[in-house]
Amino acid sequence: MTTHVVVGVDGSDPSMAAVRWAAAEAAARRIPLRIIHARASATDSRQAAPGGSPHEDWVRDRIATACRETAERYPEVEITGGATTESAVKALLDAARDGELLVLGSRGIGAASGFFTGSVSLPVVAHVTGPTVLVRQDWHPDTADGELPVVVGVDLDHGYDPVLEFAFAAAHRTGSRLRVVHMWRRSSIYAYPSALPDPKVGADLKAVAQENLDSALAGWRARYPEVEAERILLDGEVAPRLLEQGAGARLLVGGRRMHKHRMFPTLIGPVTHALMHHAIAPVAVVPHE
């Protein structure tokens, strides 16, 4: 069965950047691109005349322009999709079930670096069962330097294989270096903050973390021998250090744990939440058990 890359658009600058990113990804994967636009229904009180509101006309024109530019830049990519009167969240989740990847736009917060993940992106990422990429509004394929690495954060205490698989495959497709970041925390072994850290204990902890990370990477390095994968082990808080490592990345990859047996199985963890809101690079969120 032929699958596709799905991208959600609403006419905004971030969603136009998402279309550009998704088109480049569809070309790299050699699969079709499906564009989804959730528009206001005819019964929505905000909808103007039956012919469509000025806003809807503006959105339709921008989407048509994006499709035309995509077809010109990537003539090999088949483009499908269109408008739906379903809610944006439902439409994107339904479309993502049959897709390889879902792509959404994210707006920067004023002059600060970061994402503003709103009423659509946040619930979609929380519920979708496949990988999702959030793209900043200033992303453009001409600025995607081939020297930029793919950066992935790995939590060895949970299901990391889907995250590593996504990251290695992304590095392979783009010919990028892969930077694998794993955090070990010296403070986790001390019962109270005033304890003086023992340098030997810290060295031992780092050695164990390095051994475990090498073991986790062995199979993926064998599967992707052409990918130059460097490992970085850091001590400290996970989100800030991972954001630092991903500041100059082509793509920053993180995971989202799916808790099937909990009352609220769709919670987004604090690290992934921080990446979604504050990362400079496009962010891939990979669900895993």
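The sections below set out a description of the structure shown in this document. Predicted model, so just to flag it, every value in this text is computed and none were measured. (Residues numbered from 1 in each chain as written. Predicted model: local features only at pLDDT ≥ 70, side-chain atom pairs only at ≥ 80, totals over all residues. Heavy atoms only, no water.)

## Remarks on the overall build of the chain
Next, step 1: Along the chain, the regular secondary structure elements total eight helices and 10 strands.
Next, step 2: Relative to its 289 residues, the chain shows a buried fraction of 44%.
Next, step 3: On the chain, roughly 14700 Å² of surface is accessible, and the fraction owed to carbon and sulfur atoms is 53%. (Helix = DSSP H or I, 4+ residues; strand = E, 2+ residues; numbered from the N terminus. Buried < 20%, exposed > 50% of the residue type's maximum accessible area, 1.4 Å probe, protein only. Areas by Shrake-Rupley, 256 points an atom, 1.4 Å probe, with all protein chains shown as cover.)

## Things to note about the pairing of strand β6 (residues 150–153)
Next, step 1: Here β6 shows two buried faces, one formed by V150 and V152 and the other by V151 and G153.
Next, step 2: Sheet topology note: the β6/strand β7 (residues 178–184) ladder contains four bridges and is parallel. Bridge pairing in β7 links V151 to R179.
Next, step 3: As defined by bridge partners, β6 adjoins strand β9 (residues 251–257) across three bridges and the pair is classed as parallel. Within β9, the position partnered with V152 by the bridge is V253. (Pairing = 2+ DSSP bridges.)

## Remarks on the pairing of strand β5 (residues 132–136)
Within a regular strand, the side chains alternate between the two sheet faces.
Next, step 1: With respect to burial, β5 is a largely interior element, five of its five residues being buried.
Next, step 2: On β5, burial covers both faces: T132, L134 and R136 on one face and V133 and V135 on the other are all buried.
Next, step 3: Inspection of the sheet shows strand β4 (residues 101–106) paired to β5 by five bridges, in the parallel sense. Paired with L104 across the bridge in β5 is L134.
Next, step 4: Strand direction decides the pairing type here: β5 and strand β10 (residues 283–288), joined by three bridges, are antiparallel. The residue of β10 that forms the bridge with T132 is V285.

## Considerations on the pattern of salt bridges
Next, step 1: The final tally for this structure, using the stated rule, is 14 salt bridges.
Next, step 2: Two residues, E25 and R173, come together in a salt bridge whose shortest N-O distance is 2.8 Å. Note that E25 is positioned in helix α1 (residues 13–29) and R173 in helix α5 (residues 161–174), a separation of 148 residues in sequence.
Next, step 3: R173 gets classed as partly exposed once you look at its relative accessible area, which sits at 27%.
Next, step 4: Across the pair D94 and K90 runs a salt bridge whose closest N-O atoms are separated by 2.8 Å. Of this pair, D94 and K90 are both found in helix α3 (residues 88–96), four residues apart, which corresponds to roughly one turn of the helix.
Next, step 5: By relative accessible area, which is 26% here, D94 ends up partly exposed.
Next, step 6: Classification of K90 by relative accessible area gives partly exposed; the value is 43%.
Next, step 7: A network of salt bridges, in which partner residues are shared, links E25, R29, E100 and R173. (Salt bridge = Lys/Arg side-chain N within 4 Å of Asp/Glu carboxyl O.)

## Quick word on the nonpolar core
Next, step 1: L178 and V253 are the most contacted members of the largest nonpolar core, which totals 53 residues.
Next, step 2: With nine residues, α1 is the largest single contributor of residues to this core.
Next, step 3: Not counting residues up to four positions away in its chain, the partners in contact with V253 are V150, V151, V152, G153, V163, F166, A167, A284 and V286.
Next, step 4: Core analysis: the second largest hydrophobic core is formed by 18 residues, A126, V181, I268 and V283 among them. (Core = buried A, V, L, I, M, F, W, Y, C linked by side-chain atoms within 4.5 Å. Contact = heavy atoms within 4.5 Å.)

## As for α5
Next, step 1: Between the first and last C-alpha of α5 there are 20 Å, a value that for 14 residues agrees with the 20 Å anticipated at 1.5 Å per step.
Next, step 2: Considered for burial, the residues of α5 that qualify are V163, L164, F166, A167, F168, A169, A170 and A171.
Next, step 3: Looking one or two places after α5, you find G175, whose phi comes out positive at around 65°. (Expected span 1.5 Å × (residues − 1).)

## Details of the environment of L93
Next, step 1: Relative to the assigned elements, L93 resides in helix α3.
Next, step 2: Separated by 31 residues in the primary sequence, L93 and V124 have C-alpha atoms spaced 6.5 Å apart.
Next, step 3: In contact with L93, other than residues within four places in its own chain, are V124, H127 and V128.

## A few points about the side chain of H4
Next, step 1: Along the chain, H4 turns up in the segment before β1 (5–8).
Next, step 2: Classification of H4 by relative accessible area gives buried; the value is 13%.
Next, step 3: Apart from residues no more than four positions distant in its own chain, H4 is found in contact with I31, P32, R34, A95, D98, G99, E100 and L101.

## Observations concerning unusual backbone geometry
Next, step 1: Although it is not a glycine, R30 adopts a positive phi angle of roughly 60°.
Next, step 2: On the basis of relative accessibility, which here comes to 79%, the residue R30 falls in the exposed class.

What is shown is where atoms sit, not what they do.
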